[in-house]
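# Structural features, examined
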Amino acid sequence: MTHTLQCTPRRAVYAGSFDPPTNGHLWMIAEAAQLFDELIVAIGVNPDKKASYQVEERQAMLQAIVAPFANVRVDSFTNQFLVNYAHSVNAEFIIRGIRTATDYEYERAIRHINADLQPDIRTVFLMPPREIAEISSTFVKGLVGPDGWQRVLPRYVPPAVYDKIIADHADGGAS
């Protein structure tokens, strides 16, 4: 008697606003890409929130960042729960980053709500290393402007994001 083993790819979603993507996001993507067969980096769009970058700009920056990872693709979703989006793309896992105790408390509560909505989708928490734990998109945006910001910023964002911010600032863009 022969048994056929069917292996379904382990698919995960890592979502955020990525406004703009940071080295913290890149670390999360690199770690999750090693853990899963497929990773979807999804830009969550909330129509009620004002973003600094259009969805297409964030997608372009993310595409450049994920290019080295063959098992990663970029997508976006609008005005829906992340867990429902994950279900719609047949993902079994949601990846979330935990930087602080506050993040943990928030993510723990959301994880339980997600389990109520889609019990088959599991949440995986990753904790970034100390040297990038404080980096956020808001932090990065706050660095742009004061004298010398161009020298400081590369430490916190991938090169493609740095280039975009420099170009937008030179053109008088919103960032």
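So, here's what we can say about the structure. Everything numeric here is computed off the predicted structure, so don't read it as measured data.

Parameters at a glance
- Residues numbered from 1 in each chain as written.
- Predicted model: local features only at pLDDT ≥ 70, side-chain atom pairs only at ≥ 80, totals over all residues.
- Heavy atoms only, no water.
- Pairing = 2+ DSSP bridges.
- Helix = DSSP H or I, 4+ residues; strand = E, 2+ residues; numbered from the N terminus.
- Axes fitted to C-alpha atoms, helices over the stretch in contact; angles between N-to-C directions.
- Contact = heavy atoms within 4.5 Å.
- Salt bridge = Lys/Arg side-chain N within 4 Å of Asp/Glu carboxyl O.
- Buried < 20%, exposed > 50% of the residue type's maximum accessible area, 1.4 Å probe, protein only.
- Phe/Tyr/Trp six-rings, centres within 6.5 Å; stacked < 30°, edge-to-face > 60°.

### As for the sheet that holds strand 4 (residues 93-97)
Here we have 5 strands laid out as an open sheet, ordered 3-2-1-4-5, and parallel in their pairing. The sheet terminates laterally at strand 3 (72-78) and strand 5 (122-126), the two strands that pair on one side only. Across the sheet, the axes of successive neighbouring strands diverge by a mean angle of 30°, strand direction being ignored. Two elements, strand 4 and strand 5, share 5 bridges in a ladder whose sense is parallel. Across the sheet, residue arginine 96 finds its bridge partner in strand 5, namely phenylalanine 125. Across the sheet, helix 1 (residues 23-35) is in contact with strand 1 (11-16), strand 2 (38-45), strand 3, strand 4 and strand 5; its angle to strand 5 comes to roughly 125°.

### Things to note about the pattern of salt bridges
Overall, the coordinates contain 7 salt bridges when judged by the stated rule. Aspartate 19 serves as the salt-bridge partner of lysine 141, at 3.2 Å between the closest nitrogen and oxygen. You can see lysine 141 sitting in helix 5 (residues 137-143) and its partner aspartate 19 sitting in the loop between strand 1 and helix 1, a full 122 residues away along the chain. Judged by relative accessible area, lysine 141 falls into the partly exposed class, the value being 34%. On the accessibility criterion, aspartate 19 (5% relative accessible area) is buried. Between arginine 96 and glutamate 107 there is a salt bridge, with the nearest N and O atoms lying 2.8 Å from each other.

### Thoughts on the packing of aromatic side chains
According to the stated counting rule, one finds 4 aromatic pairs in the structure shown. Taken together, a centroid distance of 5.5 Å and an interplanar angle of 80° make the contact between tyrosine 14 and phenylalanine 18 edge-to-face. Ring geometry for phenylalanine 139 against tyrosine 156: centres 5.1 Å apart, planes inclined by 80°, an arrangement best described as edge-to-face. Linking phenylalanine 139 in helix 5 with tyrosine 156 in the loop between helix 6 (149-152) and helix 7 (159-170), this pair joins segments that are 17 residues apart in sequence. Judged by relative accessible area, tyrosine 156 falls into the buried class, the value being 15%.

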